[in-house]
Amino acid sequence: MKQIKIIVEKHSDGYVAYPLGIKGAIVGQGDIYEEALADVKSAIRCYIEIFGKEMLEDESPVIEAFMTEAEVAI
């Protein structure tokens, strides 16, 4: 077992989830939060099974993740 930080985004058509601290791109999705989380966990297990545990960073460089909004002049 390994703790992995996972970002879950809510969109108008469902949820998207992706992990931090893993080399490569892994994404899960679902109609509800729990489905997206279960899907990305399954995708992580499959990814590690195929590419190996070396794809996991020894220690995730991410200590915490924050979300904010900011106005940007464009």
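Quick look at the structure, then. (Residues numbered from 1 in each chain as written. Predicted model: local features only at pLDDT ≥ 70, side-chain atom pairs only at ≥ 80, totals over all residues. Heavy atoms only, no water.)

### A word on the overall build of the protein chain
What the protein chain contains, in helices and strands, is one helix and three strands. Counting from the amino terminus, helix and strand elements in the protein chain follow one another as β-β-β-α. With respect to the principal axes defined by its C-alpha atoms, the protein chain has extents near 45 × 30 × 20 Å. A total of 74 residues make up the protein chain; the buried ones form 22% of that total. In the protein chain, the share of contacts with a sequence separation of at least 24, taken over all contacts with a separation of at least 6, comes to 32%. Distance between charge centres in the protein chain, computed from 7 positive and 14 negative side chains, equals 8 Å. (Helix = DSSP H or I, 4+ residues; strand = E, 2+ residues; numbered from the N terminus. Buried < 20%, exposed > 50% of the residue type's maximum accessible area, 1.4 Å probe, protein only. Contact = heavy atoms within 4.5 Å. Lys, Arg positive; Asp, Glu negative; His and termini not counted. Charge placed at Lys NZ, Arg CZ, Asp CG, Glu CD.)

### With respect to the pairing of strand 2 (residues 14–19)
Relative to strand 2, strand 1 (residues 6–11) is paired through six bridges, and the arrangement is antiparallel. Its bridge partner lying in strand 2, Ile6 is registered against Pro19. Counting the residues in the hairpin turn of strand 1 and strand 2 gives two residues. Across three bridges, the pairing between strand 2 and strand 3 (residues 28–30) is antiparallel. When the bridges of strand 3 are listed, Val16 appears paired with Gln29. (Pairing = 2+ DSSP bridges.)

Any functional reading would require information that these geometric values do not contain.
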